[in-house]
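Each chain is listed here by its residues.
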Amino acid sequence: MDKGLREDAEKIIYAAIQAVQPDEAVRRTLKDYKFNTGRKILVAIGKASWQMAKAAVDVLGQVDAGIVITKYGHVKGAIPGVECCEAGHPVPDENSFAATEKALGLVKGLAPEDTVVFLVSGGGSSLFELPLIPGEELQRITMQLLNSGADVVEVNKIRKRLSGVKAGRFALACDPAKVLSIVLSDVLGDPLDSIASGPAYPDSSTCGQARAIVEKYKIGVSPEAAALLDKETPKELNNIETHVNGSVKELCAAAARTVEAMGYKPFVLTDELCCEASSAGSFLASILKSHAGSKQSLAFIAGGETVVRVTGYGTGGRSQELALAAAQGIAGLEGAAIFSVDSDGTDGPTDAAGGYVDGESFAAFEEKGINYDSMLRENDSYHALEAIGGLIVTGPTGTNVNDLAVALLKR
């Protein structure tokens, strides 16, 4: 492994993630906000919700009641007046359902002069859930969708129809109180009805679209779930105000500034990367090969969210699979490295944020006796990268604005 390139990768990752922390965005929205005269109830959902809630309470001084619902291992301490709960992601579990019940209890019976400060970040679709079908079936459907290769917008079009809080239904539960939403976007293009499946935003999807997704990916649903897919979602809400703060565009821009300061010429290829992770890895590798003769250090940056079509029984995530898929393409290429990270610090059901490979990685797999093609087929990127020191581990970052992939050519 090229230690110099690996160190560059670590610096770029750190700087980019620091630039999209949600604290300042929350403070900016709340600092001079003119609240109604009633109670302030705080509900924070998603993988960045603890960080967002902490910033909100720091600004407001106190809230009348509050709850944080985040992923396991993401609570970093107590927040005055706020109950902090951890739950399942990317598949909801009993703790997701129980915490959501508590949140609904906090907003029950509110008055028009009350305000619900609703802090939303990626992962909320799993963490904030009250299923309209048995929880076990919702978990099965969710797993089918996640393994199918469906993108997050398609997945959420199904999940919101099976939920008692998604697709604007949480805002209806808060009515007549006002809902002030501060959203950290993890969905390409920032569609507010898809981020965390839009608990406080009118739904734009249709029943026909939901049925088409089930048919496209051959998702098995019960008659009860099928009936819910044909039930229309709320299309109008009168008690909401929404502020979007933070997105993958900022993540890519921060990475570009950082690599330029390090002596690379930056190229932001896209901030809407949306394809299979293995295809993205191969594409980035082909870019480096085509510029192998460059006498200048180059950095190619892509932000977005890839998908993994699960065909095997291995362990990994989309960023790890992207990196693994790139290894063969840059094998033996001097000064070349490709890495990808989930900005929240957790890639799939693993403790890694993503993966790193360079021109020496493919040979390292062979030296370790690792069957590269088999690892890709089995979606076992975690163990393949772990064996050669290619995992990137950051721990929970406190933010969540999609993924960052970078291809470096150092001269």
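To keep things clear, this report deals only with the structure shown in the data block. On a predicted model such as this, the values are computed, not experimentally measured, just so you know.

Here we take up the overall build of the protein chain. Counting its secondary structure elements, the protein chain contains 16 helices and twelve strands. Here the C-alpha atoms of the protein chain give a radius of gyration of 22 Å, agreeing with the 22 Å that 2.2 N^0.38 yields for 411 residues. Counting only C-alpha atoms, the protein chain reaches 65 × 50 × 30 Å along its principal axes. Across the 411 residues of the protein chain, 58% fall into the buried class. Restricting the contact set of the protein chain to residue pairs at least 6 apart, pairs at least 24 apart contribute 82%. In the form shown here, the protein chain has an accessible surface area of approximately 15800 Å², with 50% of it arising from carbon and sulfur atoms.

On to the state of the cysteines. Going through the model one piece at a time under the given rule, you end up with zero disulfides. For Cys274, which is in no disulfide, the shortest distance to another cysteine sulfur is to Cys275 and amounts to 7.2 Å.

This next bit is on the pattern of salt bridges. Following the criterion strictly, the structure yields 18 salt bridges and no others. Here Lys410 makes a salt bridge to Asp8, at a shortest N to O gap of 2.9 Å. A residue pair is termed long-range when its members are at least 10 positions apart, and Lys410 in the segment after β12 (403–409) and Asp8 in helix α1 (residues 3–19) qualify at 402 residues. Residue Lys410 is classed as partly exposed on the basis of its relative accessible area of 36%. In this structure, Glu232 and Arg161 form a salt bridge, with 2.9 Å as the shortest nitrogen-oxygen distance. With Glu232 in the loop between α10 (223–229) and β6 (240–244) and Arg161 in the loop between α7 (152–159) and α8 (169–174), this residue pair connects regions lying 71 residues apart in the sequence. With relative accessibility at 41%, the residue Glu232 sits in the partly exposed group. The structure contains a network of salt bridges with shared partners spanning Lys160, Arg161, Asp203, Glu232 and Lys235.

Looking now at the packing of aromatic side chains. This model, assessed by the stated rule, comprises seven aromatic pairs. Between the aromatic rings of Phe118 and Phe128, the centroid separation amounts to 6.0 Å while the plane-to-plane angle is 50°, which identifies the pairing as tilted. Residue Phe118 is located in strand β4 (residues 115–120), and its partner Phe128 is located in the loop between α5 (124–127) and α6 (135–148); the two are separated by ten residues in the primary sequence. Neither residue differs from the other here; Phe118 and Phe128 are each classed as buried. Ring geometry for Phe267 and Phe300: centres 5.2 Å apart, planes at 15°, overall stacked. Residue Phe267 is found in strand β7 (residues 265–273), and its partner Phe300 is found in strand β8 (residues 298–304); the two are separated by 33 residues along the sequence. Residue class for Phe267 comes out partly exposed when judged on its relative accessible area of 31%.

Here we take up the packing of α1 against helix α11 (residues 248–261). Closest axis-to-axis distance for the α1/α11 pair is 8 Å, and the angle between their directions is 135°. Accordingly, the angle class assigned to the pair α1 and α11 is oblique. At the point where α1 passes α11, the crossing takes the right-handed sense. Across from Lys11, Ile12, Ala15, Ala16, Ile17 and Ala19 in α1, the residues of α11 making contact are Leu251, Ala254, Ala255, Arg257, Thr258 and Val259. Each residue belonging to the contact of α1 with α11 can be placed in one class, and the counts come to nine nonpolar, one polar and two charged.

What follows deals with the sheet that holds β4. Within the open sheet, the six strands sit side by side as β3-β2-β1-β4-β5-β6. Their pairing is parallel. Each having just a single partner strand, β3 (83–87) and β6 make up the two edges of the open sheet. Mean inter-strand twist for the sheet, computed between neighbouring axes without regard to direction, equals 15°. As paired elements, strand β1 (residues 40–45) and β4 share six bridges and run parallel to each other. What sits directly across from Leu42, in β4, is Val117. Across the sheet, helix α3 (residues 49–60) is in contact with β1, β2 (65–71), β3, β4 and β5 (178–183); its angle to β1 comes to roughly 160°.

Attention shifts here to a nonpolar patch on the surface. A contiguous nonpolar surface patch, about 270 Å² in accessible area, is contributed by Phe267, Leu269 and Phe283. You can see Leu269 is positioned in strand β7. Accessibility expressed as a relative area gives 37% for Leu269, which makes it partly exposed.

On to the sheet that holds strand β11 (residues 391–392), then. On the basis of which strands lie adjacent, the open sheet formed by six strands has the order β7-β8-β12-β9-β10-β11 and mixed pairing. The outermost strands of the open sheet, each flanked by one partner alone, are β7 and β11. Where β7 and β8 come together, six bridges link them in parallel fashion. Paired with Thr270 across the strands is Ala302, a residue of β8. In the packing of α1 onto the sheet, contacts are made with β9 (336–342), β10 (354–358), β11 and β12, and the angle to β9 comes to roughly 30°. Sheet strands in contact with helix α12 (residues 277–290) are β7, β8, β9 and β12, and its direction is about 150° off that of β9.

With that out of the way, let us pick up the nonpolar core. By size, the foremost hydrophobic cluster in this structure holds 49 residues, and its most contacted members are Leu30, Leu42, Leu119, Ile301, Phe339, Leu404 and Leu408. Setting aside residues up to four positions removed in sequence, Ile301 forms contacts with Cys252, Ala255, Ala256, Val259, Pro266, Phe267, Val268, Leu269, Thr270, Leu404, Ala405 and Val406.

This part is about the pairing of β8. For a regular strand, side-chain orientation follows a simple rule: the groups alternate between the two sheet faces. Most of β8 sits inside the fold, with seven of its seven residues counted as buried. Read as a crossover between parallel neighbours, the route from β7 over α12 to β8 is right-handed. Here β8 pairs with β12 via seven bridges, running antiparallel. Bridge pairing in β12 links Leu298 to Leu409.

Cut-offs applied
Residues numbered from 1 in each chain as written. Predicted model: local features only at pLDDT ≥ 70, side-chain atom pairs only at ≥ 80, totals over all residues. Heavy atoms only, no water. Helix = DSSP H or I, 4+ residues; strand = E, 2+ residues; numbered from the N terminus. Rg over C-alpha atoms; globule rule 2.2 N^0.38 Å. Buried < 20%, exposed > 50% of the residue type's maximum accessible area, 1.4 Å probe, protein only. Contact = heavy atoms within 4.5 Å. Areas by Shrake-Rupley, 256 points an atom, 1.4 Å probe, with all protein chains shown as cover. Disulfide = S-S within 2.5 Å. Salt bridge = Lys/Arg side-chain N within 4 Å of Asp/Glu carboxyl O. Phe/Tyr/Trp six-rings, centres within 6.5 Å; stacked < 30°, edge-to-face > 60°. Axes fitted to C-alpha atoms, helices over the stretch in contact; angles between N-to-C directions. Parallel < 35°, antiparallel > 145°, perpendicular 65-115°, else oblique. Left-handed = near helix turned anticlockwise from the far one by under 90°. Nonpolar A, V, L, I, M, F, W, Y, C, P; charged D, E, K, R; others polar. Pairing = 2+ DSSP bridges. Patch = residues over 30% accessible without salt bridge, like charges linked within 9 Å, V, L, I, M, F, W, Y side chains within 5 Å. Core = buried A, V, L, I, M, F, W, Y, C linked by side-chain atoms within 4.5 Å. Right-handed = clockwise from strand over helix to strand, strands pointing away.

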